[in-house]
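Chain by chain, the residues run as shown.
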Amino acid sequence: MESTEENLREELDLLRQEMAKLQDEIAAFRLAQKVLIEVTTGCSSRPGGIIKAALQKTLDVCADVTSTEKGSLFLLDPVSKKIVDAILSRTEVTPEQRIKLIGSVLDKGLAGWVSRHRKIGLITDTEHDDRWLTLPNQPYIVRSALGVPIINGQDLRGIITLLHSEPNHFTERMAESMQATAEQIGLVLENARLYGELDTYSKALDHELEKGRQIQIDFLPYDIPKLNDWEIVACFHPAKQVAGDFYDAFSLGNDQIGLVIADVCDKGVGAALFMALFRSLIRIFSVGETKLQATATSTNLDHHNAALQAVRLTNDYVAEQHWQMSMFATLFFGVLDPNTGLLSYVNGGHEPLYIINQDGIKQTLNSSGPAVGMMPNMKFEIHQVKLERGEILIGYTDGVTEAKSPEGKLFTDNRLKEMVEKPANTASELMERIKNKLFDYMEDAPQFDDITMLAVRRNELKLLPKKQKKGEFMEALTLDGTLDCLGEIRKYIKSAATEAGLEKKASYKLCLAVDEIATNIITHGYNEAGLSGNISIQAEINEESLTIYLEDKGKHYDPTDPYILEEETLTTQKSLEERSIGRLGIFLIYESVDKFMYEKLKEGNRNILVVNRTTT
């Protein structure tokens with residue numbers, strides 16, 4: 001009987017011990033949980049002060065749980081063991097205290113003992129424990145003390161010291177709970193430190209990306225060329241700080257303009273670097289090729305081969321020098337002659353461009369070759385179109401048509417076509433219409449791809465000035481459109497040539513060219529078309545040139561049309577016998593003047609001839 005009671009008492013004692021152990025573990029868990037919650041709250045509410053907020057919250061929670069009267073927490077450098085930060089429970093360290101503490105070494109008292117032994121130091125009564133160091137003029141009484149190391153891995157990261165004025169306040173059970181809590185505190189402090197480092201790195205990375213963004217923006221044309229009778233506008237919205245899309249508009253030789261819109265595969269920094277490479281190569285190769293062409297011939301078709309060779313050379317360089325990167329770009333490159341409206345272009349796998357007039361989409365400029373940079377020696381075709389007065393060329397990247405709504409639906413090609421089918425008075429008006437519709441469609445949905453657009457408009461023709469400007473325009477001459485007027489036209493041209501100081505040979509050649517145009521107008525534009533009308537002629541003289549304007553209301557006929565005027569008829573490589581019948585007159589015009597242009601009027605035609613003046 002007695003043996004049974006003893007066994008029951010022993011079992012009861014074991015159960016009590018297990019219960020006490022479980023209670024200690026629960027208390028430690030709750031304390032650690034509270035520390036984590038409080039520290040996280042403190043950190044998130046104080047951006048830029050993560051470590052300090054964590055220290056204050058940690059010490060305050062520990063003091064509450066253990067009913068501590070005074071407490072301190074030191075954060076140590078793992079190598080030197082010097083204090084790098086310090087905080088008191090519920091109290092901010094004063095500047096004077098901070099100066100005394102920061103940089104000092106813990107080598108005395110309870111904190112020094114805990115630092116050296118890297119384990120808990122429990123003092124039940126400071127009067128009977130030599131680990132306690134009583135400082136002179138200490139403002140408060142301490143009879144119980146508890147020092148807990150904060151260890152992360154092999155590093156001592158800090159020490160928590162809790163104080164009380166009554167002996168035996170801190171117990172072994174409390175010390176064990178604090179040990180479990182200190183482990184959690186160590187993790188929190190380490191995470192806070194890592195977060196601080198990550199935040200610093202992230203800001204540094206953002207700073208570098210911002211510099212990259214600015215550099216990339218500098219690669220885009222700072223000033224789009226300003227041309228008489230032309231409007232060029234662009235839109236550029238990168239999805240990230242740096243982008244793979246780009247556009248360009250730059251001057252070439254012979255008053256020509258290079259136009260580019262492209263999309264480098266991939267996104268981010270790599271695409272941005274290749275964007276700069278493609279942009280530079282196109283510029284270098286097109287400018288160089290145009291200069292070579294200009295030395296070989298004086299026609300307005302010099303740029304035809306320049307555009308094709310620039311794309312070919314760019315493709316081969318990227319494919320041969322950077323094949324291991326597997327980078328390429330869809331690219332449209334066109335060379336525009338502003339005087340005639342002729343555009344020679346290569347579309348290397350890019351989205352189709354549209355030529356738009358008041359009736360909608362007049363023509364689609366589809367791909368004429370593969371994406372640029374995929375493989376060397378790829379075949380590209382060059383095409384030529386002409387922009388008439390009032391027409392707009394619009395190009396874009398797939399970031400426009402593949403933009404998504406908040407529901408994840410694409411903007412689509414059809415929506416874009418609806419935008420461009422509607423008439424627009426200017427390129428800017430068309431661009432703003434598309435942008436507004438696109439960003440309204442996207443609302444607050446994230447932008448997944450770069451959005452880039454380029455629009456070029458040939459403005460409507462301005463009529464010849466009706467009022468004479470002294471020293472600039474000679475008085476206009478209007479005659480019946482019959483062969484009898486040719487003599488009066490010759491007299492007018494000779495008078496203008498004399499006024500401009502042209503040499504005899506230049507004057508003769510100009511008369512020959514004007515006579516050829518006037519004869520064609522009368523014969524083909526009026527007589528053969530069954531029409532009648534006038535011919536108006538006016539001369540403009542400035543310091544550099546003499547310009548002759550001829551206007552008529554006959555049948556529309558463009559002598560500079562690339563489909564009428566083949567390049568071979570403008571070279572001097574063929575004899576007169578080998579030339580096509582009917583083309584000799586146009587050849588003579590080009591050979592007789594420095595510049596020849598044609599403008600289609602709403603009712604009729606305008607031919608413009610320019611001869612550079614000989615100054616003495």
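Reading the values: rules and limits
- Residues numbered from 1 in each chain as written.
- Predicted model: local features only at pLDDT ≥ 70, side-chain atom pairs only at ≥ 80, totals over all residues.
- Heavy atoms only, no water.
- Helix = DSSP H or I, 4+ residues; strand = E, 2+ residues; numbered from the N terminus.
- Buried < 20%, exposed > 50% of the residue type's maximum accessible area, 1.4 Å probe, protein only.
- Contact = heavy atoms within 4.5 Å.
- Areas by Shrake-Rupley, 256 points an atom, 1.4 Å probe, with all protein chains shown as cover.
- Arc of directions from axis to C-beta.
- Phe/Tyr/Trp six-rings, centres within 6.5 Å; stacked < 30°, edge-to-face > 60°.
- pLDDT = per-residue confidence, 0-100.
- Axes fitted to C-alpha atoms, helices over the stretch in contact; angles between N-to-C directions.
- Left-handed = near helix turned anticlockwise from the far one by under 90°.
- Nonpolar A, V, L, I, M, F, W, Y, C, P; charged D, E, K, R; others polar.
- Salt bridge = Lys/Arg side-chain N within 4 Å of Asp/Glu carboxyl O.
- Pairing = 2+ DSSP bridges.
- Patch = residues over 30% accessible without salt bridge, like charges linked within 9 Å, V, L, I, M, F, W, Y side chains within 5 Å.
- Expected span 1.5 Å × (residues − 1).
- Core = buried A, V, L, I, M, F, W, Y, C linked by side-chain atoms within 4.5 Å.

(A) The overall build of the protein, seen in detail. When its secondary structure is counted, the protein shows 13 helices and 20 strands. For the protein, buried positions account for 47% of its 616 residues. Counting only contacts in the protein whose residues sit at least 6 apart along the sequence, the fraction spanning at least 24 positions is 67%. By element, 52% of the accessible surface of the protein is carried by carbon and sulfur atoms, the whole surface being about 32,200 Å².

(B) Representation of helix H9 (residues 412-421) in the model. When H9 is considered as a whole, its buried residues turn out to be Leu-416, Met-419 and Val-420. Viewed end-on, H9 has its buried residues packed into an arc of 90 degrees, placing them on one side of the element. On its buried face, H9 is in contact with strand S11 (353-357), strand S12 (360-365), strand S14 (392-396), helix H8 (398-401) and helix H10 (427-442).

(C) How the structure looks around the packing of aromatic side chains. Inspection of every chain in the model, using the stated rule, returns five aromatic pairs. Relative to Tyr-441, the ring of Phe-411 lies with its centre 5.4 Å away and its plane at 75 degrees, an arrangement referred to as edge-to-face. Note that Phe-411 is positioned in the loop between H8 and H9 and Tyr-441 in helix H10, a separation of 30 residues in sequence. Residue classification places Phe-411 among the buried residues on the basis of a relative accessible area of 0%.

(D) Geometry of the confidence of the model for the protein. On average, the protein scores 80 in pLDDT, and the residues at 70 or more come to 76%. The model gives residues 463-471 a pLDDT under 50, and that stretch makes 10 contacts with residues more than four places away or in other chains.

(E) Structural detail: the packing of helix H11 (residues 486-500) against helix H12 (residues 504-527). Between H11 and H12, whose axes approach to 10 Å, the crossing angle comes to 150 degrees. Considering only the axes of H11 and H12, their crossing is right-handed. Between H11, through Leu-486, Ile-489, Arg-490, Ile-493, Lys-494 and Ala-497, and H12, the contact on the second element is made entirely by Ser-507, Leu-510, Cys-511, Val-514, Asp-515, Ala-518, Thr-519 and Ile-522. Its residues placed into classes, the contact of H11 with H12 shows nine nonpolar, two polar and three charged.

(F) Broad picture of the pattern of salt bridges. Counting across every chain of the model gives 15 salt bridges. Of the charged contacts in the structure, one is a salt bridge between Arg-283 and Asp-248, with a shortest N-O distance of 2.7 Å. You can see Arg-283 sitting in helix H6 (residues 268-296) and its partner Asp-248 sitting in strand S7 (residues 245-251), a full 35 residues away along the chain. For Asp-248, a relative accessible area of 1% corresponds to the buried category. Between Glu-599 and Arg-389 there is a salt bridge whose closest N-O contact spans 2.3 Å. Taken together, the residues span a long stretch of sequence, with Glu-599 in strand S19 (residues 595-601) and Arg-389 in the loop between strand S13 (383-386) and S14 at a distance of 210 residues. Of the two residues, Glu-599 and Arg-389, neither departs from the other in class, the shared state being buried. In the salt-bridge network here, residues are joined through shared partners; they are Asp-229, Arg-389, Glu-551, Glu-599 and Arg-606.

(G) The arrangement of the sheet that holds S7 in detail. Read from one edge to the other, the open sheet built from five strands follows the order S7-S8-S9-S10-S13, with strand pairing classed as antiparallel. Both edges of this open sheet fall to S7 and S13, since each of them pairs with a single strand only. When strand polarity is set aside, the average angle formed by the axes of neighbouring strands in this sheet is 20 degrees.

(H) Geometry of a nonpolar patch on the surface. Taken together, Tyr-508, Leu-512 and Leu-588 make up a surface patch of nonpolar side chains, about 290 Å² in accessible area. Within the secondary structure layout, Leu-588 lies in helix H13 (residues 584-592). Here Leu-588 falls in the partly exposed class, since its relative accessible area comes to 32%.

(I) Seen up close, the side chain of Ser-115. Following the sequence through the fold, Ser-115 ends up in helix H4 (residues 109-117). If we skip the residues at most four places from it in the chain, Ser-115 touches Leu-106, Leu-156 and Ile-159.

(J) Broad picture of the environment of Phe-587. Mapped onto the fold, Phe-587 is located in helix H13. Taking the C-alpha atoms as reference, Phe-587 lies 9.6 Å from Ala-513; in sequence the two are 74 residues apart.

(K) Molecular detail of the packing of H9 against H10. Look at H9 against H10: their axes get within 9 Å of each other, and the N-to-C directions meet at 145 degrees. Handedness of the crossing formed by H9 with H10: right-handed. Note on element contacts: H10 touches H9 through Leu-430, Arg-433, Ile-434, Lys-437 and Tyr-441, opposite Arg-415, Leu-416, Met-419 and Val-420. The residue inventory of the contact of H9 with H10, partitioned by class, reads six nonpolar, no polar and three charged.

(L) Focus on H11. Compared with an ideal rise of 1.5 Å per residue, which puts 15 residues at 21 Å, H11 spans 21 Å between its outermost C-alpha atoms and is within 8% of the ideal. Note on H11: the residue one or two positions beyond its end, Gly-501, has a positive phi of about 75 degrees.

(M) Spatial organisation of the pairing of strand S1 (residues 70-76). Of all seven residues that make up S1, six are buried, and the element is covered over most of its length. As paired strands, S1 and strand S5 (residues 155-164) are joined by six bridges and run antiparallel to one another. From the neighbouring strand, Leu-73 faces S5, where its bridge partner is Ile-160. Where S1 and strand S2 (residues 83-88) come together, five bridges link them in antiparallel fashion. Across the sheet, Leu-73 pairs through a bridge with Ile-87, a residue of S2. Hairpin geometry of S1 and S2 is characterised by an intervening segment of six residues between the two adjacent antiparallel strands and by a positive phi of about 65 degrees at Lys-81.

(N) Inspection of the nonpolar core at higher detail. Core analysis: the biggest nonpolar cluster contains 34 residues, and Leu-510, Ile-548 and Leu-609 have the highest contact counts within it. If you tally residues by element for this core, the top one is H12, at nine residues. Setting aside its immediate chain neighbours within four residues, Leu-510 contacts Ile-493, Leu-502, Leu-546, Ile-548, Val-593, Leu-609 and Val-611. Listed in part, the 29 residues of the second largest apolar core include Leu-252, Ile-282, Ala-307 and Ala-329.

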